[in-house]
Amino acid sequence: EVYKTSFFNSGEYKFFMKAINTNGCFDTLTFNISVLGNKTIYVPNVFSPRASNPENRLLKVYGTNVIDSDFEFVVIDRWGQEVYKTNSFIEASQNGWTGIASGGTDTQSSSVYIYSLKGKFFDQSVFKRTGSITLIQ
């Protein structure tokens with residue numbers, strides 16, 4: 001008998017199979033499969049460290065099924081100076097950029113910043129993005 005299964009959520013699934021022949025002999029097999037959901041990557045185009053909504057106070061990278069390694073997110077100012085860089089998707093998605101330049105203590109001025117983003121999804125497909133971000137004080 002053959003069974004068909006559909007998956008509506010990504011994640012790890014464990015399967016157990018038992019095969020029985022006509023003589024009553026049987027064998028079993030246990031295996032895991034990974035179900036990947038949609039591959040998405042998104043960078044908002046504006047944020048404000050003084051926003052009333054805490055989620056809008058940081059510049060974060062949002063994504064699904066992104067590998068933490070082989071990742072780079074860089075923000076540069078209008079003079080070409082790097083103000084933020086991380087090689088961790090976890091860092092970029094959970095903590096993000098506060099608006100303070102790397103090694104500094106003061107929030108950058110209201111301006112447009114350029115970002116470069118590259119990395120891989122779990123299925124090994126590569127993404128590369130560039131864009132602009134407006135920081136509003």
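Look a little higher up for the structure.
A few points on the structure. Quantities reported herein were computed from a predicted structural model and do not represent experimental measurements.

## A short note on the environment of Ser125
Stage number 1. Topologically, Ser125 is positioned in the loop between strand E8 (111-120) and strand E9 (126-135).
Stage number 2. Accessibility expressed as a relative area gives 23% for Ser125, which makes it partly exposed.
Stage number 3. Linking Ser125 and Val66, residues 59 residues apart in sequence, is a C-alpha distance of 9.7 Å.
Stage number 4. With residues up to four places along the chain from it excluded, the contact list for Ser125 reads Lys39, Gly119 and Lys120.
Stage number 5. In this structure the side chain of Ser125 is engaged in a polar contact, spanning 3.2 Å, whose partner is the side chain of Lys39.

## What about the sheet that holds strand E4 (residues 46-47)?
Stage number 1. Spatial strand order, E4-E9-E8-E6-E7: five strands in an open sheet with mixed pairing. Of all strands in the sheet, those bounded by a partner on one side alone are E4 and strand E7 (82-86).
Stage number 2. Note: strand E6 (residues 72-76) against E8, five bridges, orientation antiparallel. Looking across to E8, one finds that Ile76 is bridged to Ile114.

## Some thoughts on the packing of aromatic side chains
Stage number 1. Taken as a whole, this structure holds nine aromatic pairs when the rule is applied.
Stage number 2. Aromatic side chains Phe15 and Phe31 sit 5.5 Å apart centroid to centroid with 15° between the ring planes, which places their arrangement in the stacked category. Within this pair, whereas Phe15 is found in strand E1 (residues 11-20), its partner Phe31 is found in strand E2 (residues 26-35), the two being separated by 16 residues in sequence.
Stage number 3. With a relative accessible area of 25%, Phe15 lands in the partly exposed category.
Stage number 4. For Phe31, a relative accessible area of 29% puts it in the partly exposed group.
Stage number 5. For the ring pair Phe71 and Phe89, a centre distance of 5.6 Å and an interplane angle of 70° mean the geometry is edge-to-face.

## Re the pattern of salt bridges
Stage number 1. Overall, the coordinates contain five salt bridges when judged by the stated rule.
Stage number 2. The shortest N-O distance in the salt bridge between Glu55 and Lys60 comes to 3.6 Å.
Stage number 3. Residue Glu55 is classed as partly exposed on the basis of its relative accessible area, which comes to 35%.
Stage number 4. Here Glu72 ties to Lys118 by a salt bridge, and the two come within 3.8 Å at their closest N and O atoms. Pair noted here: Glu72 is in strand E6 and Lys118 is in strand E8, with a separation of 46 residues, a long-range link.
Stage number 5. What you see here is one network of salt bridges that share partners, running through Glu72, Lys85 and Lys118.

Calculation criteria
Residues numbered from 1 in each chain as written. Predicted model: local features only at pLDDT ≥ 70, side-chain atom pairs only at ≥ 80, totals over all residues. Heavy atoms only, no water. Helix = DSSP H or I, 4+ residues; strand = E, 2+ residues; numbered from the N terminus. Buried < 20%, exposed > 50% of the residue type's maximum accessible area, 1.4 Å probe, protein only. Contact = heavy atoms within 4.5 Å. Polar contact = N/O pair within 3.5 Å; in protein donor to acceptor, adjacent residues only side chain to side chain. Pairing = 2+ DSSP bridges. Phe/Tyr/Trp six-rings, centres within 6.5 Å; stacked < 30°, edge-to-face > 60°. Salt bridge = Lys/Arg side-chain N within 4 Å of Asp/Glu carboxyl O.

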